[in-house]
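Architecture at a glance
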Amino acid sequence: MELTIAILLGIVWSQIISHLGASILLHRHYCHKQFKVPGWFEVMGLSMLMIACIRTPIGWIASHRMHHTHSDGPEDPHSSKYVGFWKVLFTTWDIKKIPTKYAKDLFKNPKLVFCHRHWLKILIAVWVISFLISPYFFIGFALVPFIFAKIGFGLLNTIGHRTPGGANVAWLNLFIAGEGYHKNHHENFKRIRLHKFDTGGWLAERLFKDYEPKRKTT
Ligand SMILES: [Zn+2]
Ligand SMILES: [Zn+2]
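These remarks concern the structure in this document. Only a predicted model underlies this, so the values are computations on that prediction, with no experimental measurement involved. (Residues numbered from 1 in each chain as written. Chains lettered and ligands numbered in written order. Predicted model: local features only at pLDDT ≥ 70, side-chain atom pairs only at ≥ 80, totals over all residues. Heavy atoms only, no water.)

**Comments concerning the overall build of the chain**
For clarity, the threshold we go by: Going along the chain from the N terminus, every DSSP run of H or I of four or more residues is numbered as a helix, and every run of E of two or more is numbered as a strand. Classification of residues uses two cut-offs on accessible area relative to the type maximum, computed with a 1.4 Å probe and protein chains only: under 20% is buried, over 50% is exposed, and between them is partly exposed. Residue contacts follow a heavy-atom distance rule, with two residues in contact if any of their heavy atoms lie within 4.5 Å. The Shrake-Rupley method, run with a 1.4 Å probe, gives the accessible areas here. Residue values count only the displayed protein chains as cover. By the counting rule applied here, Lys and Arg register as positive and Asp and Glu as negative, while His and the ends of each chain are not counted. Throughout, a charge is located at the NZ atom of Lys, the CZ atom of Arg, the CG atom of Asp or the CD atom of Glu.
In terms of helices and strands, the chain carries 9 helices and 0 strands. Reading the helices (α) and strands (β) of the chain from amino to carboxyl end gives α-α-α-α-α-α-α-α-α. Within the chain, buried positions represent 48% of all 218 residues. Contacts spanning at least 24 positions in sequence make up 61% of the contacts within the chain whose residues lie at least 6 apart. Just so you have it, the chain exposes about 12,000 Å², and 67% of that area is on carbon and sulfur atoms. Each charge sign in the chain was given a centre, from 27 positive and 13 negative side chains, and these centres are 5 Å apart.

Written out as structure tokens, the structure reads:
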């Protein structure tokens with residue numbers, strides 16, 4: 001019973017992480033600069049991403065930008081045609097070298113640099129502390145989001161690219177915060193809401209579409 005509750009709560013928590021952390025902050029804001037976000041949202045979203053083990057966000061963002069430039073070609077870091085379906089599904093692919101142009105701006109952001117340097121230490125701390133609190137807490141808080149993020153990313157890069165240039169696959173929305181309309185995303189990566197069932201896009205529009213940070217006066 002406790003295990004079922006831990007898994008169910010873990011799935012709800014995973015949906016929150018995938019909407020706020022992965023879709024809105026990591027993908028839409030950092031990768032594509034669709035809108036600006038306040039500093040507190042960055043801290044909150046990055047914390048979620050560290051829990052779900054995105055590893056280095058700078059690596060994620062740079063490789064995703066590379067993916068957009070070379071979609072489904074030999075230089076696409078996770079093209080299942082060139083890398084292999086299972087490797088892409090289980091996210092066991094690796095990139096030898098990411099051209100600096102994809103990450104230049106990212107190293108100017110101290111929050112991203114901090115996560116880039118310390119993601120492994122943070123992850124180990126999260127896993128150990130949550131396990132010490134309770135094994136069920138560890139399952140719901142850290143393990144389920146980790147698995148959920150792996151599944152979502154693997155499905156996006158395989159099923160979401162079953163046709164070159166990206167595919168619109170409605171059921172993928174359940175795993176990747178409404179971003180199952182991946183063809184629409186590739187056609188225009190600045191478009192926030194990809195479809196009426198794009199829950200992440202809907203939320204992003206409500207939260208940040210018109211957000212402008214206050215200028216510091218000296
Ligand atoms: Zn894609
Ligand atoms: Zn993208």
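**With respect to the coordination of the zinc ion (ligand 2)**
When a metal carries six donors in an octahedron, the ideal angles between them are 90 or 180 degrees, while four donors in a tetrahedron ideally lie at 109.5 degrees. Heads up, the condition is: Water is not among the atoms examined, so metal sites may look incomplete; donors are the N, O and S atoms within 2.8 Å of the metal, or within 3.2 Å for Na, K and Ca.
Around the zinc ion (ligand 2), the protein contributes the donor atoms His27 (NE2), His32 (NE2), His64 (NE2), His68 (NE2) and His185 (NE2), at 2.0 to 2.2 Å from the metal centre. In primary-sequence terms, the residues that donate to the zinc ion (ligand 2) follow H-x4-H-x31-H-x3-H-x116-H. Highlighted residues: histidine 32 in the loop between helix H1 (2-31) and helix H2 (39-51) and histidine 185 in helix H8 (residues 182-187), separated in sequence by 153 residues. You can call histidine 185 buried: its relative accessible area is 1%.

**Things to note about the packing of aromatic side chains**
The following threshold applies: Any two rings among Phe, Tyr and Trp, with Trp reduced to its six-membered ring, count as a pair given centres within 6.5 Å; such a pair is stacked if its planes are under 30 degrees apart, edge-to-face if over 60, and tilted if neither.
Summed over all chains, the structure comprises 15 aromatic pairs. When the ring of tryptophan 127 is compared with that of phenylalanine 138, the centres are 5.2 Å apart and the planes differ by 70°; the resulting orientation is edge-to-face. Here the residue tryptophan 127 occupies a position in helix H6 (residues 110-133), and phenylalanine 138 occupies one in helix H7 (residues 135-158), the gap between them amounting to 11 residues. Ring centres of tryptophan 171 and phenylalanine 175 lie 6.3 Å apart, and the angle between their planes is 90°; on these two criteria the pair is classed as edge-to-face. For phenylalanine 175, a relative accessible area of 26% gives the class partly exposed. Of the aromatic side chains, those joined through ring pairs into one cluster are Phe35, Trp40, Phe41, Phe208 and Tyr211.

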